[in-house]
Structures are given as structure tokens and as C-alpha cells.
Amino acid sequence: MFCEETAVEERARKTYECAGIYDERHGAQYRRITDFLRSQGAIPAMQLGHAGRKASCGPPWTNFAPLNDEDAKLGRAPWRAVGPSAIPPKEGAPAPIELARTDIAGVVASWREAALRTRDAGFDFLEVHGAHGYLIHQFLSPLANSRSDGYGGDLAGRMRLALEIVETVRAVWPQDRPLSFRVSAVDGPGGAWDLEDTVALVRELKARGVDVVTCSSGGIGGPLNMAIVPRVPGYQVPFAARVRSETGIASMAVGLITEPRHAEQILQDGQADLIALARELMYNPNWPVHAAKELGVADYLDLLPPAYAWWLKRREKIREITPVGDQARGSTHE
């Protein structure tokens, strides 16, 4: 159970509503969450990120409109975003401050501190968010990175920040706990970043101790940047399959995977090792229970909290002993 994209710096948030783990006081609050998740039989996971040039915006339903003077009057003053180059994320948005090399060292250090706080807060799984147009992705993409120093230029230069962050995080993240990396496997018009680039990146990530790669897509030019990829169920699964096949790393598939049998088939076919669900769990928080039932797990109700399971098992028992005719008339005697 992931705490999704949590900022490593205060300025790394997209919006005022975004979560962060950039202060010591955050750790105790997250410990409450991890203790609760673990008590319910779930594995607490953290996804760390940095919005980079996508910072200082309104919420998604404003299309991430840049904060302005009117927002400041309401106590939500804009702040200057940072990025690899002074290139705005979209038309009408302010240009970020280009990070100096000394500033980059500070950003990498913030990932180290966030990883330590994540560890101490009781998380068992950590993901570095390097996709969806956020800071790491901005350095990877030639559309956002026009630097001429060691953090830009060719693929090796553009990968440098991602690899330095992973090395720093892996050095403090316990070796017995998984580390994953989320990547936009394809992005940008004309193949600005393609699967060959992703495979090259993943080989380097694996060599530095990344255990799993989550294969998403798009985002460098906005949330719908990769509209050329048909939005059909499992549309990003081929990315996970190719990365897994060509690098030998475990992969996580994500994107319009909503049906249990489809999810299971992806795993059985060896296209991915893990399935990630996000918005589907907003629609149906009990999806794992329903999936277990559909896939024939005998004690599927045991996935629920014990008190829920007790009542629902009682209902199932009543159904077993109630004649079909009575059930049709709604006489379950609960």
C-alpha cells in the first residue's frame, strides 16, 4: 500500500495539498500510518518524488494551473520551481530556476534524508519516482534538459542525476527491503525518449541495486502527453514485458488494469512480476477481496479486517442454509 509521490523537499511539492517527508516532524505522523497498515496485514510502501518545474501549482482539477497573485491573497503564495534548464513545463507557466551543480548536490542530499525518514517511519518498500514529467524525468528528457555540463547532453549525462539519486538512496535504504524506480518508458513527440533509452537506463539502475521497475509513460509535456499510446486495458504492459525480458529485472505493470483475470494473466504470462492499481482502488477499495473471490481463493474474506470478515462469513453461512426461494424473496434473516 503506497503513500503516493511524497515530496523530498518543501519546494518539491506540486501543490499545497501534496504530501511530504522533508521535516523530522513528519516521521511520527507516518509511523501512525505504517503501524496501522501493518496491523491490517498490508505492507507499507513509500513513493518519493520531486516535482521540479511542475511545482507551485493548483490541484489537478485546475489542470495544475500555476499559482498567482490571487492565490497569494488566499494564503497560497507561489514559489519558484527548479529544473535542469529554464524551460517552462507548458505554455503560460513560469520558467523554473536552472539548478546549479552545487544545488544539484543539495537535491541529492534531500533524497538521502527523505529515504532515512522513510526507513525510520516504518516503511518496508521504497519507490523513486522518475516518471510523469517530474524532476528526475526532466533531467532524463532532452525536451526539458538543454544543459551542456555533465548533467545534460547525451544519454549518459541526462541519466546522471537519476543514477546519483538511486546510489544515494540505496546506500541508506536497508538491503533487505525492496527499492523500485518508476519510469516513463516512452515520452515526447518523435520518440524523444523511447524504449531503447528506458532499457539502457534500467540496466544502469539494476547495477546500482534497484530491484523493481514500474513502467508508466508520458508526462514531460503534461498529463496527456502520450495520447498516441491507445488507452486500452493494460496499454503499458508491453513496456513492463520488454524491460523485464531485456534486463532481467523484476517489473511492475500499471495502467488500466482493472479486471482480476486480466491482472492474473499478465503475471502468468511472465509479462510482469507485480501489478499496480491506483484509481481503480478509489472506485473499489475492496478490489483485492473481490479479485480473490473471482480467482477462486477459498478464504478470500480473510483479506478483510477481522470484524468485517466475521460479519460477512456469517452472511455467507446464512445463505448456505437458506432455501433458494427464501433468498429470492430477500429473507436472509440478518
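Predicted model, so just to flag it, every value in this text is computed and none were measured.

Visitor: Lay out the overall build of the chain with the relevant residues and their values.
Guide: Across its full length, the chain holds twelve helices and nine strands. A globule of 334 residues ought to have a C-alpha radius of gyration of about 20 Å, and the chain, at 22 Å, matches this closely. Taking the principal axes of its C-alpha atoms as reference, the chain extends roughly 75 × 50 × 40 Å. Among the 334 residues that make up the chain, the fraction classed as buried is 47%. A separation of at least 24 residues holds for 66% of the contacts in the chain among residues at least 6 apart in sequence. Positive and negative side-chain charges of the chain, numbering 38 and 42 respectively, have mean locations separated by a distance of 2 Å.

Visitor: Go over the packing of helix 8 (residues 260-268) against helix 10 (residues 287-294) with me, naming the residues and quoting the values.
Guide: Contact geometry for helix 8 and helix 10: axes closest at 9 Å, N-to-C directions at 75°. As judged from the angle between their axes, helix 8 and helix 10 are roughly perpendicular. On the side of helix 8, the interface is formed by Pro260, Arg261 and Ala263, while helix 10 contributes Trp287, Ala291 and Glu294. Per-class residue counts for the contact of helix 8 with helix 10 are four nonpolar, no polar and two charged.

Visitor: Describe the sheet that holds strand 7 (residues 212-216), and please don't skip the residues or the numbers.
Guide: Reading across from one edge, 1-2-5-6-7-8-9 is the order of the seven strands in this open sheet, with parallel pairing throughout. Unpaired on one side and paired on the other, strand 1 (2-7) and strand 9 (274-276) mark the two borders of the sheet. Direction aside, neighbouring strands of the sheet carry axes that sit 25° apart on average. On the sheet, helix 3 (residues 101-120) packs against strand 2 (45-49) and strand 5 (125-130) and is oriented at approximately 165° with respect to strand 2.

Visitor: Explain helix 7 (residues 237-247) to me, and be specific about the residues and the numbers.
Guide: For helix 7, the complete set of buried residues consists of Val237, Phe239, Ala240, Val243 and Thr247. Looking straight down helix 7, one finds its buried side chains confined to an arc of 160°; they lie on one side. Close packing links the buried residues of helix 7 with helix 6 (195-207), strand 7, strand 8 (250-254) and helix 8. Looking one or two residues past helix 7, glycine 248 carries a phi angle of roughly 80°, positive in sign.

Visitor: Report on the pattern of salt bridges, specifying residues and quantitative values.
Guide: For the structure shown, the criterion picks out 24 salt bridges. For glutamate 10, the salt bridge identified is with arginine 13, shortest N-O distance 3.8 Å. The salt bridge partner of arginine 170 is aspartate 211, with a shortest N-O separation of 3.1 Å. Taken together, the residues span a long stretch of sequence, with arginine 170 in helix 5 (residues 155-172) and aspartate 211 in the loop between helix 6 and strand 7 at a distance of 41 residues.

Visitor: So, the pairing of strand 1: which residues are in play, and what are the values?
Guide: Looking at chain direction, strand 1 and strand 2 are connected through four bridges and run parallel. Within strand 2, the position partnered with cysteine 3 by the bridge is methionine 46. Regarding topology, helix 1 (residues 24-39) serves as the crossover connection from strand 1 to the parallel strand 2, and that connection is right-handed.

Conventions and cut-offs
- Residues numbered from 1 in each chain as written.
- Predicted model: local features only at pLDDT ≥ 70, side-chain atom pairs only at ≥ 80, totals over all residues.
- Heavy atoms only, no water.
- Helix = DSSP H or I, 4+ residues; strand = E, 2+ residues; numbered from the N terminus.
- Rg over C-alpha atoms; globule rule 2.2 N^0.38 Å.
- Buried < 20%, exposed > 50% of the residue type's maximum accessible area, 1.4 Å probe, protein only.
- Contact = heavy atoms within 4.5 Å.
- Lys, Arg positive; Asp, Glu negative; His and termini not counted.
- Charge placed at Lys NZ, Arg CZ, Asp CG, Glu CD.
- Axes fitted to C-alpha atoms, helices over the stretch in contact; angles between N-to-C directions.
- Parallel < 35°, antiparallel > 145°, perpendicular 65-115°, else oblique.
- Nonpolar A, V, L, I, M, F, W, Y, C, P; charged D, E, K, R; others polar.
- Pairing = 2+ DSSP bridges.
- Arc of directions from axis to C-beta.
- Salt bridge = Lys/Arg side-chain N within 4 Å of Asp/Glu carboxyl O.
- Right-handed = clockwise from strand over helix to strand, strands pointing away.

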